[in-house]
Amino acid sequence: MRVKLKGTNQITKRLANGKSVTYYYAWKGGPRLPGKPGDPEFIEAYNKAIGQKAESRSDTIQSLLNRYQDTPKWGGLAERTKKDYCSHIRKIETAFGDFPISALADRRARAAFLEWRDTMATTSRRQVDYVFATFASIHAWAYDRGLTDANPCEKPGKLYRSGRAERI
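Description of the structure in this document. As the structure is a computational prediction, the values presented were derived from the model and not from experiment. (Residues numbered from 1 in each chain as written. Predicted model: local features only at pLDDT ≥ 70, side-chain atom pairs only at ≥ 80, totals over all residues. Heavy atoms only, no water.)

**Overview of helix 4 (residues 79-96)**
Look at helix 4: 25 Å from first C-alpha to last across 18 residues, which is about the 26 Å you get at 1.5 Å a residue. Taken together, the buried positions of helix 4 are Lys 82, Asp 84, Tyr 85, Cys 86, His 88, Ile 89, Ile 92 and Phe 96. In this fold, the buried residues of helix 4 make contact with helix 2 (61-68), helix 3 (72-75), helix 5 (107-120) and helix 6 (125-144). (Helix = DSSP H or I, 4+ residues; strand = E, 2+ residues; numbered from the N terminus. Expected span 1.5 Å × (residues − 1). Buried < 20%, exposed > 50% of the residue type's maximum accessible area, 1.4 Å probe, protein only. Contact = heavy atoms within 4.5 Å.)

**A short note on the pairing of strand 2 (residues 20-25)**
Bridging between strand 1 (residues 9-14) and strand 2 involves six bridges; their strand directions are antiparallel. In the sheet register, Thr 12 faces strand 2, and the bridge partner there is Thr 22. Here strand 1 hands over to strand 2 after five residues, with Gly 18 in that stretch at a positive phi of 95 degrees. Of the pairings in the sheet, the one linking strand 2 to strand 3 (residues 32-33) comprises two bridges and is antiparallel in character. When the sheet's bridge partners are listed, Tyr 25 is paired in strand 3 with Arg 32. Between the antiparallel neighbours strand 2 and strand 3 lie six residues, among them Gly 29 with a positive phi of about 85 degrees. (Pairing = 2+ DSSP bridges.)

**Observations concerning the packing of aromatic side chains**
With the rule as written, the count across this model stands at 13 aromatic pairs. Relative to Phe 99, the ring of Phe 96 lies with its centre 5.9 Å away and its plane at 85 degrees, an arrangement referred to as edge-to-face. Judged on exposure class, the residue Phe 96 and its partner Phe 99 are both buried. Plain terms: the ring middles of Phe 96 and Phe 113 are 4.7 Å apart, the flat faces sit at 90 degrees to each other, and that makes the pair edge-to-face. Here the residue Phe 96 occupies a position in helix 4, and Phe 113 occupies one in helix 5, the gap between them amounting to 17 residues. By the burial criterion, Phe 96 is buried, and Phe 113 matches it. Cluster of aromatic residues (ring-pair linked, three or more members): Phe 96, Phe 99, Phe 113, Trp 116, Phe 132 and Phe 135. (Phe/Tyr/Trp six-rings, centres within 6.5 Å; stacked < 30°, edge-to-face > 60°.)

Given below as structure tokens:
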């Protein structure tokens, strides 16, 4: 009997020698699973990964990011938009995954988020605006549902301004 494990993701890659290899993950962006579906080590690793995901704290920004990705709003996004948002969310997780939700109402939280945005702006101001807009959208979603007491990313302003006057 074959059972499809919920949420597993598989990626097929072509190696340098021309051979195709399929890698399996517990979920998109999740940990890689050893072996192939159906193997005992595969199922054990899957159960361990899902268990760790369930243990995540509910009082951090990481929990908001996880809940946002389980909403109908997320499901209604185009695949390309989801892919872009996933890369943005990874950046947010790295910087603020363990940031407590209770601290969002403090004015210093907004200062910390804007400082993070400004440090990233040294590479590409346009891309940073897109990442921060994603972060602001998630905060707005959480604020509208009463998951947070404040939205520190509201109306941050843009860093990138296009100068297209010469094209007219």
